[in-house]
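A look at the structure
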Amino acid sequence: MIPRITIAQAGQHIGEMVEIAGWLYNIRRSGKIAFPILRDGYGLMQCVAVKSALPKELFESIKNLTQESSIIVTGKIRAEQRAPGGYEMDLESLQVLQRVPESDPYPITPKDHGTDFLMDHRHLWLRSQRQHAIIRVRHEVIKAVRDYFDSHGFTLVDTPIFTPAACEGTTTLFEVDYFDDEKAYLTQSGQLYNEATAMAFGKVYCFGPTFRAEKSKTRRHLTEFWMVEPEMAYATLEDVKRVAEELIVFIVGRVLENRQEELKRLERDTSKLEAIQAPFGRMSYDDAVKLLQAKGSEIQWGGDFGGTDETMITADQQRPVMVDRFPTSIKAFYFEPDAERPEVVLGVDILAPEGYGEIIGGGQRIHDAELLLQRIEAHKLPKEAFDWYIDLRKYGSVPHAGFGMGIERCVSWMCGLEHIRETIAFPRMLNRLRP
Ligand code: 4AD
Ligand code: MG
């Protein structure tokens, strides 16, 4: 029996006969020799097919292979420094499962295609080397996030996607018909439910898809994105900053440790990631506004930062910057006001360097029932939908805090991408619901 291996395992099989199943990535050919390059989801393997060493029909079928045809190859592995993955296969046989016909060739060729074309063919584009690298970095980021929380006493408690009320403001809600004329909304954040589970478990996190009907067409916005949200009982804004900083340093460390090859393929300047160490810069909203004004921004105290402002705040920084104490008027209803200055809240945004903007938002929650009720009313939110949430302030209320990190924003930064759309297999945006 010839063993079936993946390209990643080639190094353990030098000099042996093996079988690899995959797709034709590319082929170079001349009269007497052909070099089909196979991809199998793990790497690339250049095969060498010599006419004189193979049956005539087999050599002809290899020579006529078309891009992305599904094939299983058999041959001996050899170390070859000049080959793409460091190994080559001397081909002895090749089985074609499905040959892509010349009449309807694989649409993505090695030439340059426009972004719209590639996005329309996202289901195929994912096979390309660059997309492969990005999704592998994403997997590493997610694994690091889970490992971090799992090893720091957090219990995973996932929260619902159908919700009866808004968490992050009513302007970005996706409404769906529930039963019996009831409306439901796709969740904008699991935070409110996490506040309940934190009172049951102490430290929790949820990690799932979140939805925002954002009409923003920017390089940072998706309508469906994945967010990880830790929440801690008996915790304050300072705990949020400490945990968020540790988490980011941990994620960057893991990506550098395990995804060098992918970062190289993406031509990422890894020195920028190596610079991500604690402590991060800390700045109040007040000082951030002054800094922006000094740099020529039109922003006034009380205004929210736009993408350009965020980029300007971190422009001279190699590390992320934590901006805290935002005006109460621009933040969600649940933020705890600063006891000494109720016009600002105990909230923090963490801005990534290199223009990647806000990757984390969070802070301390109101734990007083009276104050919470006032804020729900001031924000014109339906009180009935929050009865259970107010209960948390009636039965053993404690200071508590947490944050949310958008996975795609983080991956975009790790990979050094121009646009967030490549960080998720099938992005959902203002103008894109397909494929
Ligand atoms: O700042 P946001 O809106 O905070 C919350 O939702 C809180 N309830 C989280 C919490 O405290 N538990 O969103 C948090 C993060 C942002 O910093 C950003 O990384 C990401 O979610 N995010 C988006 N990512 C992609 N596309 C969008 N439209 C995003 N909106 C927010
Ligand atoms: Mg935010």
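Use the structure listed above.
Cut-off values and rules
- Residues numbered from 1 in each chain as written.
- Chains lettered and ligands numbered in written order.
- Predicted model: local features only at pLDDT ≥ 70, side-chain atom pairs only at ≥ 80, totals over all residues.
- Heavy atoms only, no water.
- Helix = DSSP H or I, 4+ residues; strand = E, 2+ residues; numbered from the N terminus.
- Contact = heavy atoms within 4.5 Å.
- Polar contact = N/O pair within 3.5 Å; in protein donor to acceptor, adjacent residues only side chain to side chain.
- Axes fitted to C-alpha atoms, helices over the stretch in contact; angles between N-to-C directions.
- Parallel < 35°, antiparallel > 145°, perpendicular 65-115°, else oblique.
- Nonpolar A, V, L, I, M, F, W, Y, C, P; charged D, E, K, R; others polar.
- Pairing = 2+ DSSP bridges.
- Phe/Tyr/Trp six-rings, centres within 6.5 Å; stacked < 30°, edge-to-face > 60°.
- Buried < 20%, exposed > 50% of the residue type's maximum accessible area, 1.4 Å probe, protein only.
- Lys NZ or Arg CZ within 6 Å of the ring centre and 35° of its normal.
- Left-handed = near helix turned anticlockwise from the far one by under 90°.
- Patch = residues over 30% accessible without salt bridge, like charges linked within 9 Å, V, L, I, M, F, W, Y side chains within 5 Å.
- Areas by Shrake-Rupley, 256 points an atom, 1.4 Å probe, with all protein chains shown as cover.
- Salt bridge = Lys/Arg side-chain N within 4 Å of Asp/Glu carboxyl O.
- Near = heavy atom within 4 Å.

Looking at the secondary structure, you find R365 in the loop between β17 (357-364) and α11 (369-378). C-alpha of R365 to C-alpha of H400: the two residues are 35 residues apart in sequence and 5.9 Å apart in space. Those residues within four positions of R365 in sequence are excluded, and the remaining contacts are Q191, E195, E231, Y334, E336, R393, H400, A401, G402 and F403. Within the structure, the side chain of R365 is placed 3.1 Å from the backbone oxygen of G402, a separation counted as a polar contact.

At a closest axis distance of 10 Å, the pairing of helix α9 (residues 285-294) and helix α10 (residues 307-314) adopts a crossing angle of 95°. The angle between the axes of α9 and α10 places the two elements in the roughly perpendicular class. Contacts between α9 and α10 involve A288, L291 and L292 on the former and, on the latter, D309, M312 and I313. The residue inventory of the contact of α9 with α10, partitioned by class, reads five nonpolar, no polar and one charged.

If you walk across this open sheet you meet the eight strands as β6-β10-β11-β18-β17-β16-β13-β12, and the pairing is mixed. In the strand order of this sheet, the two ends are held by β6 (155-156) and β12 (281-284), each with one partner. With respect to the sheet, helix α6 (residues 237-258) is in contact with β11 (224-233), β12, β13 (321-324), β16 (347-352), β17 and β18 (400-406), its orientation differing from that of β18 by roughly 30°.

The final tally for this structure, using the stated rule, is 18 aromatic pairs. For the pair Y148 and F250, a centre-to-centre distance of 5.8 Å together with 55° between the ring planes defines the contact as tilted. Of this pair, Y148 sits in helix α4 (residues 129-150) while F250 sits in helix α6, placing them 102 residues apart in sequence. Given a relative accessible area of 3%, Y148 falls into the buried group. Consider the rings of F333 and F386, whose centres lie 5.3 Å apart with planes at 70°: the pair is edge-to-face. With F333 in the loop between β13 and β14 (337-338) and F386 in the loop between α11 and α12 (387-391), this residue pair connects regions lying 53 residues apart in the sequence. Taken together, the ring pairs in this structure connect Y193, F333, Y334, F335, F386, W388 and Y389 into an aromatic cluster. A cation over an aromatic ring shows up here: R219 above the ring of Y356, its NZ or CZ 5.5 Å from the ring centre. Taking NZ or CZ as reference, K331 lies 4.3 Å from the ring centre of F326, over its face.

Attention now moves to the packing of α4 against helix α13 (residues 407-415). It is the contact of α4 with α13, at a shortest axis distance of 10 Å, that shows an interaxial angle of 120°. Between α4 and α13, the angle is such that the two are oblique. For the element pair α4 and α13, the recorded crossing hand is right-handed. In this structure, α4 uses I134, V137, R138, V141, I142 and V145 to contact α13, whose residues at the interface are I407, E408, C410, V411, M414 and C415.

A contiguous nonpolar patch, built from F162, Y178 and F179 and spanning about 360 Å² of accessible area, is present on the exposed surface. Here F162 is to be found in strand β7 (residues 162-163).

Below, the discussion takes up the site of ligand 1. Neighbouring ligand 1 are 24 residues; E168, Q191, E229, E358 and I359 lie closest to it. Note that an oxygen atom of ligand 1 is positioned 2.8 Å from one of the backbone N or O atoms of I359. Within the backbone of G406, a nitrogen or oxygen atom sits 3.1 Å from an oxygen atom of ligand 1. Here ligand 1, which alone exposes 620 Å², has 94% of that area covered by the protein. Listed by contribution, the elements that provide at least two residues to the shell around ligand 1 are β11, β17 and β18. In terms of residue count, the dominant contributor to the shell around ligand 1 is β17 (five residues). Here the residues of the shell around ligand 1 sort into eight nonpolar, eight polar and eight charged.

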